[in-house]
Amino acid sequence: FVNAAIEKQAFQSCVNLRYVTLPANYKGCTPSTSYNMNNIFYMSGIIKMILPPDVRGIPYGFLRECQSLEYVEIRENVIFIGSNAFSSCPKLIASVIYAITPPVLEEGNFNHSSNIVYVPDESIEAYKSATNWNKFTGRIQPLSNFVKGG
């Protein structure tokens, strides 16, 4: 990755792609660049995504329609999640989010799954009342309840 930039649609439809380690200096996007970096892993075979610690924003359609995606880990520096970044991922069962302040969450995320969203214990109420997060109040759980699996 040159300068830790990933072109839009870079891994689109790579159905045999299961795991990716993003470079530590990958920062993601800002709200104004979200659509310029869209659909990076759209319809890929990714199973698990652990974002690097310095990611600040997750672009539009980042893991959209990833039929095999089961687990997402979002570090504490994320402040923005673009629309449909995690839409139509039917096998997504756990999203672990370390951000104390709920990131701005655009429309179309975490639909079509029974995904449990684990957030810092002290932030449960903030997530449950934040715009768009409030659609998942029954699925927002304290991070202390999360049991990390293989």
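Source: prediction; values computed, not measured.

**Description of the overall build of the protein chain**
- Per the secondary structure count, the protein chain includes one helix and eight strands.
- Listing every helix and strand of the protein chain by position from the N terminus yields β-β-β-β-β-β-β-α-β.
- A compact globule built from 150 residues should have a C-alpha radius of gyration of about 15 Å, and the protein chain, at 14 Å, falls within 12% of that.
- The C-alpha extent of the protein chain, read off along each of the three principal axes, is 40 × 30 × 25 Å.
- For the protein chain, with 150 residues in total, the buried portion stands at 49%.
- Intrachain contacts of the protein chain at a sequence separation of at least 6 include 48% that bridge at least 24 residues.

**What about the sheet that holds strand β7 (residues 116–119)?**
- The strand order across the open sheet built from five strands is β1-β3-β5-β7-β8, with neighbouring strands paired in parallel fashion. Each edge of the open sheet is held by one strand with a lone partner, namely β1 (48–50) and β8 (140–142). Strand-to-strand, the axes of this sheet are offset by a mean angle of 15°, without reference to chain direction.
- As paired strands, β1 and strand β3 (residues 71–74) are joined by three bridges and run parallel to one another. In the strand pairing of β3, Met49 is matched with Val72.

**Observations concerning the confidence of the model for the protein chain**
- Mean pLDDT over the protein chain: 89, with 94% of residues reaching 70 or higher.
- When mean pLDDT is compared element by element in the protein chain, helix α1 (residues 124–129) scores highest at 98, while strand β2 (residues 57–58) scores lowest at 92.

**Brief notes about the pattern of salt bridges**
- Counted under the stated rule, the structure contains five salt bridges.
- For the salt bridge of Arg75 with Glu73, the shortest nitrogen-to-oxygen distance reads 2.9 Å.

**Remarks on the packing of aromatic side chains**
- Following the criterion strictly, the structure yields eight aromatic pairs and no others.
- Taken together, a centroid distance of 5.4 Å and an interplanar angle of 5° make the contact between Phe86 and Phe110 stacked. You can see Phe86 sitting in the loop between β4 (80–81) and β5 (94–97) and its partner Phe110 sitting in the loop between β6 (104–105) and β7, a full 24 residues away along the chain. The two residues Phe86 and Phe110 agree in class, both being buried.
- Through successive ring pairs, a cluster of aromatic residues spans Phe86, Phe110, Tyr127, Trp133 and Phe136.
- Between the NZ or CZ atom of Arg75 and the centre of the ring of Tyr98, over which it lies, the distance is 4.2 Å.

**Some details on the side chain of Asn132**
- Here Asn132 lies in the loop between α1 and β8.
- On the basis of relative accessible area, Asn132 is assigned to the buried category, the value being 10%.
- Beyond its immediate chain neighbours, meaning those up to four positions away, Asn132 contacts Leu105, Glu106 and Glu107.

**Describing the state of the cysteines**
- The full count for this structure, using the stated rule, is zero disulfides.
- Here Cys14 stays free of any disulfide, with the sulfur of Cys66 as its closest cysteine sulfur at 10 Å.
- Of the cysteine sulfurs around Cys89, a residue in no disulfide, the closest is that of Cys66, at 5.3 Å.
- When its relative accessible area of 1% is taken as the criterion, Cys89 is described as buried.

**Quick look at the side chain of Ser87**
- With respect to the helices, strands and loops of the structure, Ser87 is situated in the loop between β4 and β5.
- In this structure Ser87 touches Leu63, Arg64, Glu65, Gly108, Asn109 and Asn111, once residues within four positions along its chain are discounted.

Definitions and cut-offs
- Residues numbered from 1 in each chain as written.
- Predicted model: local features only at pLDDT ≥ 70, side-chain atom pairs only at ≥ 80, totals over all residues.
- Heavy atoms only, no water.
- Helix = DSSP H or I, 4+ residues; strand = E, 2+ residues; numbered from the N terminus.
- Rg over C-alpha atoms; globule rule 2.2 N^0.38 Å.
- Buried < 20%, exposed > 50% of the residue type's maximum accessible area, 1.4 Å probe, protein only.
- Contact = heavy atoms within 4.5 Å.
- Pairing = 2+ DSSP bridges.
- Axes fitted to C-alpha atoms, helices over the stretch in contact; angles between N-to-C directions.
- pLDDT = per-residue confidence, 0-100.
- Salt bridge = Lys/Arg side-chain N within 4 Å of Asp/Glu carboxyl O.
- Phe/Tyr/Trp six-rings, centres within 6.5 Å; stacked < 30°, edge-to-face > 60°.
- Lys NZ or Arg CZ within 6 Å of the ring centre and 35° of its normal.
- Disulfide = S-S within 2.5 Å.

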